[in-house]
Amino acid sequence: MSSHHTYEHKTYPVKAEIAQNAHINNEQYLALYQQSIEHPETFWAEQAETILDWQKPWEKVMDYDYTQGKISWFEGGKLNVSVNCLDRHLATRGEQMALLWEGDDPAQDKKMTYRELYQEVCQFANVLKAQGVKKGDRVCIYLPMIIEAAAIILACTRIGAVHSIVFGGFSAEALKDRINDSDCKLVVCADEGYRGGKIIPIKATVDKAIASCPCVQSVIVIKNTANPVAWNAERDVWYQQAMAEAAITCEPEWMDAEEPLFILYTSGSTGKPKGLLHTTGGYLLYAAMTHKYIFDYQDGEIYWCTADIGWITGHTYMIYGPLCNGATTLLFEGVPTYPDASRFWQVVDKHKVNIMYTAPTALRALMAQGDQYLENTDRSSLRVLGSVGEPINPEAWEWYYQQVGKENCPIVDTWWQTETGGILITPLPGATELKPSSATRPFFGVKPAILSNEGQVIDDGSEGVLVLERPWPGQARSIYGDHQRFIDTYFKSYPGYYFTGDGARCDERGYYWITGRVDDVINVSGHRMGTAEVESALDEHPLIAESAVVGYPHDIKGQGIYAFVTLHIGIEGNDALRKELVDLVRADIGPIASPDLIQWAQQLPKTRSGKIMRRILRKVAANEIDSLGDTSTLADPEVVEDIIKNRLNK
Ligand code: WT7
């Protein structure tokens, strides 16, 4: 999206009554931030003592060596995540709702108190044990957004099993790769799911995937739609049946702070998806603390994060952060536009949601449908609004602020990544004057910097790459099974820093403006996609010689997927072949990776040494053909002329 310099001077000051009632006002932010940077160990030790319950205190607050990709927090300390999210709340809030669940069908909803959730977690932990799952074993979770998801996740943590949640929209092929990469012993799934009025196959996809997963010993299946599914009696177990036989208490496994909590796959600029490994103590502390301060969560409030459990936002800000803080967290099974574009606001009114956290792509889609969908809803329960996943354009920001929040709710535009575990750059509702489209200032303990490509610190407000100077507790510790890749991806290009892969600039008052990825990763509707993954799916087609995939600006999705495809000599491209290619990508990755535009190219623009000039393709895809930049290194300038002439995004 283009930069909007006109908005840069527009500010929204913190209203006095919000600052007064919030956990943190601006003076407190400045003082605490300074303390967190000057005395990090004291600062984090204090937070860890107040926010978490430990079975055994730690020996060392923090240790790190970025050259080895080594990071540790609270080494020697012992705790259990489910105890922090459940047991310790029972005395004070056992009968309070932990979960609210809103079905895809507006007539369906469910709730669960902390005590009920605790019992379900203990029971399912016993089911896992009965299936032979032990501390350190990996469990794959492939589920639609059903209420049982929370108990299944926490049951893993109760016994120290490492979960790897795979988004329910990924294909059998993608699921298979992820299960094998982390060597999962067991898969938890449902028969089918509901989404946007349609039925989504789940068990059938699992069956297809694990036909090539020798590591999987059993599959636990939640009966959800109750439609018949194929069954392998030696391997498959019904959740409801196993739960009915399970004991209702389960002693927690005490985990070292640095023992693994979960693996979550995300795309990079090269190669197959990376399984980011998060550990126990630091992650949970960072999840809970950021949830409390960034959303200004107050006791008794209803909090709604619209993410799916398959993404990091669903882990940190739908499950772990809120439950650790004793919050009531809402899980939504459906989509923003079903039955119609007023659904989000209907849900807000029905459940009296106080804090809502969603993605710019959803806001843009709803905004495009028109304000009439807001009109019959009241939304007066809303107090704080959040945005995540991609840069929020000023138009969507203003709509969120003015139309949705009726100018009463601060917007927290939260910048972070799967790798960071939690939010790093963000406003705080009671502290930060807002600027539409700026993620504003760093959270406590976070020290960003902007560097030139050569690694020089940029401090004049111009754009560079965003890096972070030192670890924070929520940071990923490794890539599962490939620690060298962890070092190479994040700590090699700018020694001494964690490299984010994002571009950004920092203005004169210290506000950060994220400008998007600087690598070959694109962000489609808030979903991170490696262009190389899409290319390798396309290249599987026998008629394809070569392909290059880039992102281009898309009104709703943020970025769309533009594929330039060269066919073998003598083959003509047509719409039937386009459809075959789209189907191939859907089968290899999933519908979220479908190319929006496929252009047939006689050749791809290359340097004399044979490297594809993606910079030029990005310009063509964006229809910015007047600013192609330096083309003098092209091997054959005519190739570009042909590509420009046939471009699809005019
Ligand atoms: C990438 C991380 C963080 C949870 C969801 C996505 C982009 C994320 C923002 C924001 C601008 C953002 C970045 C980042 N991104 N939030 N508020 N403003 N860009 O997690 O899939 O790991 O993707 O999303 O490019 O690197 P993810």
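Scoring rules and cut-offs
- In every chain, residue numbers begin from 1 and rise along the written sequence.
- With the structure being a predicted model, the display of local features is reserved for residues of pLDDT at least 70 and the display and counting of side-chain atom pairs for 80 or more, all residues being used for whole-chain, interface and lining totals.
- Think of the side-chain values as coming from all heavy atoms in the structure, minus any hydrogens and water.
- A helix here means a DSSP run of H or I that spans at least four residues, while a strand means a run of E at least two residues long, and both kinds are numbered starting from the N terminus.
- Take the number of residues in a helix, subtract one, and multiply by 1.5 Å to get its expected span.
- When accessible area is computed with a 1.4 Å probe and restricted to protein chains, residues below 20% of their type maximum are described as buried, those above 50% as exposed, and intermediate ones as partly exposed.
- Regarding the arc, it is the one traced by the directions from the helix axis to the C-beta atoms.
- Aromatic pairing here means that ring centres of Phe, Tyr or Trp (its six-membered ring) are within 6.5 Å. Orientation follows from the plane angle: under 30 degrees is stacked, over 60 is edge-to-face, and everything else is tilted.
- Only when the NZ atom of a Lys or the CZ atom of an Arg is both within 6 Å of the ring centre and within 35 degrees of the ring normal do we say a charge sits over the ring.
- Proximity is defined per residue: any heavy atom of the residue falling within 4 Å of a molecule or strand makes that residue near it.
- Nitrogen and oxygen atoms within 3.5 Å of one another constitute a polar contact, given that in protein one can donate a hydrogen and the other can accept it, and given that sequence-neighbouring residues count only through two side-chain atoms.
- Accessible surface area values rest on a Shrake-Rupley calculation with a 1.4 Å probe, where residue burial reflects the displayed protein chains alone.
- Throughout this entry, Asp, Glu, Lys and Arg are counted as charged residues, while Ala, Val, Leu, Ile, Met, Phe, Trp, Tyr, Cys and Pro are counted as nonpolar. The remaining residues, Gly among them, count as polar.
- By the convention used here, strands pair only if DSSP detects at least 2 bridges between them.
- Axes, fitted as lines to C-alpha atoms, cover a helix only where it is in contact. Angles between the N-to-C directions of the axes lie from 0 to 180 degrees.
- Should a side-chain nitrogen of Lys or Arg be within 4 Å of a carboxyl oxygen of Asp or Glu, the pair is scored as a salt bridge.
- Here, two residues are considered to be in contact whenever any of their heavy atoms come within 4.5 Å of each other.

**Q** Sorry, what's going on with helix α19 (residues 575-588) here?
**A** Since the α-helix packs 3.6 residues into each turn, any two residues three or four apart lie on the same face. Taking 1.5 Å per residue as the helical rise, α19 with its 14 residues ought to reach 20 Å, and the 20 Å between its terminal C-alpha atoms agrees with that figure. Every buried residue belonging to α19 is among L577, L581, V585 and D588, and all of these are buried. End-on, the buried residues of α19 take up no more than an arc of 80°, which puts them together on one face. Facing away from the buried surface of α19 by more than 90 degrees, the exposed residues are D575 and K579.

**Q** Looking at this structure, how should I read the packing of aromatic side chains?
**A** Two descriptors summarise a pair of aromatic rings, namely the distance from one centre to the other and the angle between the planes of the rings. All told, the structure shown has 45 aromatic pairs when counted by the stated rule. Between the aromatic rings of Y64 and Y66, the centroid separation amounts to 5.0 Å while the plane-to-plane angle is 75°, which identifies the pairing as edge-to-face. Through a chain of ring-to-ring contacts, the aromatic side chains of Y29, Y33, F43, W44, W54, W58, W73, F74, Y286, Y293, F443 and F444 assemble into a single cluster. Against the face of W101 rests K110, its NZ or CZ located 4.8 Å from the ring centre. The residue whose ring lies beneath R178 is F170, and the NZ or CZ to ring-centre distance is 4.3 Å.

**Q** Please explain the site of the ligand as it appears in this structure.
**A** In the vicinity of the ligand there are 17 residues, among which D413, T414, T418, D502 and R528 approach most closely. A distance of 3.4 Å separates a nitrogen atom of the ligand from a polar atom in the backbone of E390. Within the complex, the protein chains bury 95% of what would otherwise be the 550 Å² of accessible surface of the ligand. Where the shell around the ligand is concerned, the elements lending two or more residues are α12 (312-324), β20 (411-414) and β25 (512-517). Of the residues contributing to the shell around the ligand, the split by class is 6 nonpolar, 6 polar and 5 charged.

**Q** I tried to follow the sheet that holds strand β24 (residues 498-506) on my own but got confused; where do I start?
**A** Neighbouring strands of a sheet are bound in pairs by backbone hydrogen bonds; such pairs are parallel or else antiparallel. The 4 strands are arranged β21-β22-β24-β25 in an open sheet whose pairing can be described as antiparallel. Because the sheet does not close on itself, it has two edges, and the strands there are β21 (448-451) and β25. Here the average twist between neighbouring strands, direction ignored, is 45°. Direction of pairing for β24 relative to β25: antiparallel, over a ladder of 5 bridges. Looking at β25, one finds that R505 is bridged to W513.

**Q** Teacher, can you tell me more about the pattern of salt bridges here?
**A** Pairing is possible between side chains that carry opposite charge, provided their charged atoms lie close to one another. Evaluation of the coordinates by the stated rule reveals 36 salt bridges. The salt bridge partner of D181 is K272, with a shortest N-O separation of 3.0 Å. Here D181, found in helix α8 (residues 172-181), pairs with K272, found in the loop between β14 (260-266) and β15 (274-279); they are 91 residues apart in sequence, far enough to count as distant. Classification of K272 by relative accessible area gives exposed; the value is 53%. For R477, the salt bridge identified is with E258, shortest N-O distance 2.9 Å. Of this pair, R477 sits in the loop between β22 (464-468) and β23 (478-479) while E258 is found in the loop between β13 (255-256) and β14, placing the two residues 219 residues apart along the sequence. Summarising the burial analysis for this pair, R477 and E258 share the class buried. Through salt bridges with shared partners, a single network forms among E102, D109, R343 and K350.

**Q** Just checking my understanding: could you explain the sheet that holds strand β16 (residues 302-305) for this structure?
**A** Taken in spatial order, the 7 strands of this open sheet run β5-β4-β17-β16-β18-β19-β20, and their pairing is mixed. One side of each edge strand has no neighbouring strand; the edge strands of this open sheet are β5 (109-113) and β20. Ignoring which end each strand starts from, the neighbouring axes of this sheet average 20° apart. Sheet topology note: the strand β4 (residues 97-102)/strand β17 (residues 328-332) ladder contains 4 bridges and is parallel. Following the sheet pairing, W101 is matched in β17 by L331. Contacts from helix α16 (residues 394-404) reach β18 (355-358), β19 (384-388) and β20 within the one sheet, and its direction differs from that of β19 by about 160°.

**Q** Looking at this structure, I do not really get the environment of H483. What am I missing?
**A** In this structure, H483 sits in helix α17 (residues 483-490). Relative accessible area serves as the criterion here: at 30%, H483 is assigned to the partly exposed category. For the pair H483 and G136, spaced 347 residues apart in sequence, the C-alpha to C-alpha distance is 18 Å. Setting aside anything within four residues of it in sequence, one finds H483 in contact with Q68, G69, R477 and S478. There is a polar contact of 2.9 Å between the side chain of H483 and the backbone oxygen of Q68. Of note is the side chain of H483, whose polar atom sits 3.4 Å from the backbone oxygen of G69.

Any functional reading would require information beyond the geometric quantities listed.
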